[in-house]
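Examination of the molecular architecture
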Amino acid sequence: MALITCRFYSDVLGTTTALNVILPKEEKKKYPVLFLLHGMGGDHTVWIRKTSVERYADEAGLAVVMPDAGSSFYTDMVHGGAYWTFVSEEVPRLARRFFPLSGRPEETFAAGMSMGGYGALKLALRFPERFSAAASISGVTDAAEFGHGNGRQELFRNIFGGAGAIPGTPDDLFSLAGRLAASGRKKPHIYLCCGTKDGLYDMNVRFRDHLRRLSYSVTCAKGKAGHEWGYWDEAIRDAIRFFTEDLSAAARPEHNTNSGGNTP
């Protein structure tokens, strides 16, 4: 197992930045890969510092790429960096150039917590041909609602041009899910989990119901937890099992897929 900090110049951002990469000890020509995104106030180190993701990934034989995206909401900001282009285009391209990572969609996943959950869902819903599944852990599933919260208005003006500018755009997860379902393209598997004491729980329930109405394959989990790392440590372990074990089992011909999952 290796934990590598990779510093590089980003042409997209116009500055030097960093990402952390976990490579399992199991020898493979190309590793299945999880792009794991941090939340607001975090960076490329936070998953390593706060959870046992390194151990979980090594046990699963999964490579993990963790970029630094500031508090950008993984969006090409109105006033700021082009973090959507960075995380959706530049990071995957450079990570696969630097490290032995699979490019097969069935071996490519996205996950994140809070703001990172929003980013992971946006990756999978906008690029279902690249990502077979995404996990949102206590994710911001309704960015417009979140952006109207106290103290967030100025941040969201800099990112999106204001929370009111989000609905109906490619930055609106509800709209994205609907557009993808209507297009007839293959939809990614979605894993949603959120603690029942989390202020984001209700929007996660609404998003779950929206996905189910659109016939997405949705697996859900919950727990009596708030917005906290103790819960997220368990959640990323379960999400990795979902990517590397549950989806593999579901792909077998004898498996009967249950798209409902558990009720969060």
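The model shown is predicted, which means the values in this text are computed figures rather than measured ones.

With that settled, consider the packing of aromatic side chains. Working definition: an aromatic ring pair is given by the centre-to-centre distance plus the angle between the planes. Tallying each qualifying case throughout the model produces 17 aromatic pairs. An angle of 85 degrees between the planes, with centres 5.2 Å apart, marks the rings of Trp47 and Trp229 as edge-to-face. Taken together, the residues Trp47 in helix 1 (residues 46–50) and Trp229 in helix 9 (residues 229–250) connect sequence positions 182 residues apart. Ring centres of Phe73 and Phe146 lie 5.8 Å apart, and the angle between their planes is 45 degrees; this geometry places the pair in the tilted category. You can see Phe73 sitting in the loop between strand 4 (63–67) and helix 3 (83–98) and its partner Phe146 sitting in helix 5 (residues 143–147), a full 73 residues away along the chain. Phe73 gets classed as buried once you look at its relative accessible area, which sits at 0%. Overall, the relative accessible area of 9% leaves Phe146 in the buried class. One Lys or Arg, Arg152, reaches over the ring of Phe146 and ends 3.8 Å from the middle of that ring.

What follows covers the environment of Arg104. The residue Arg104 is located in the loop between helix 3 and strand 5 (108–113) in this model. Distance from Arg104 to Glu129, taken between C-alpha atoms, is 9.3 Å for residues 25 residues apart in sequence.

For the rest of this paragraph, the subject is the sheet that holds strand 3 (residues 33–37). Spatial ordering of the open sheet is given by 1-2-4-3-5-6-7-8, a layout of eight strands whose pairing is mixed. If you trace the sheet from one side to the other, it starts and ends with strand 1 (2–10) and strand 8 (218–223), each paired once. Sheet twist, expressed as the mean angle between neighbouring strand axes with direction ignored, is 20 degrees. The sheet contact formed by strand 6 (residues 133–137) and strand 7 (residues 189–195) spans five bridges and is parallel. Residue pairing across strands places Ile137 opposite Cys193, the latter belonging to strand 7. Helix-sheet contacts for helix 3 involve strand 1, strand 2 (15–23), strand 3, strand 4 and strand 5, and the interaxial angle to strand 1 is about 120 degrees. Contacting strand 3, strand 5, strand 6 and strand 7, helix 4 (residues 115–126) runs over the sheet at an angle of about 155 degrees to strand 5.

Our next topic: the packing of helix 4 against helix 7 (residues 173–183). Where helix 4 contacts helix 7, the two axes come as close as 10 Å, and the packing angle between them is 20 degrees. Compared by their axis directions, helix 4 and helix 7 come out roughly parallel. Here helix 4 and helix 7 pass one another in a crossing that is left-handed. On helix 7, the residues touching Tyr118, Leu121, Lys122, Leu125 and Arg126 of helix 4 are Leu173, Leu176, Ala177 and Leu180. Across the contact of helix 4 with helix 7, the residue classes tally to seven nonpolar, no polar and two charged.

What counts, and where the lines are drawn
- Residues numbered from 1 in each chain as written.
- Predicted model: local features only at pLDDT ≥ 70, side-chain atom pairs only at ≥ 80, totals over all residues.
- Heavy atoms only, no water.
- Phe/Tyr/Trp six-rings, centres within 6.5 Å; stacked < 30°, edge-to-face > 60°.
- Helix = DSSP H or I, 4+ residues; strand = E, 2+ residues; numbered from the N terminus.
- Buried < 20%, exposed > 50% of the residue type's maximum accessible area, 1.4 Å probe, protein only.
- Lys NZ or Arg CZ within 6 Å of the ring centre and 35° of its normal.
- Pairing = 2+ DSSP bridges.
- Axes fitted to C-alpha atoms, helices over the stretch in contact; angles between N-to-C directions.
- Contact = heavy atoms within 4.5 Å.
- Parallel < 35°, antiparallel > 145°, perpendicular 65-115°, else oblique.
- Left-handed = near helix turned anticlockwise from the far one by under 90°.
- Nonpolar A, V, L, I, M, F, W, Y, C, P; charged D, E, K, R; others polar.

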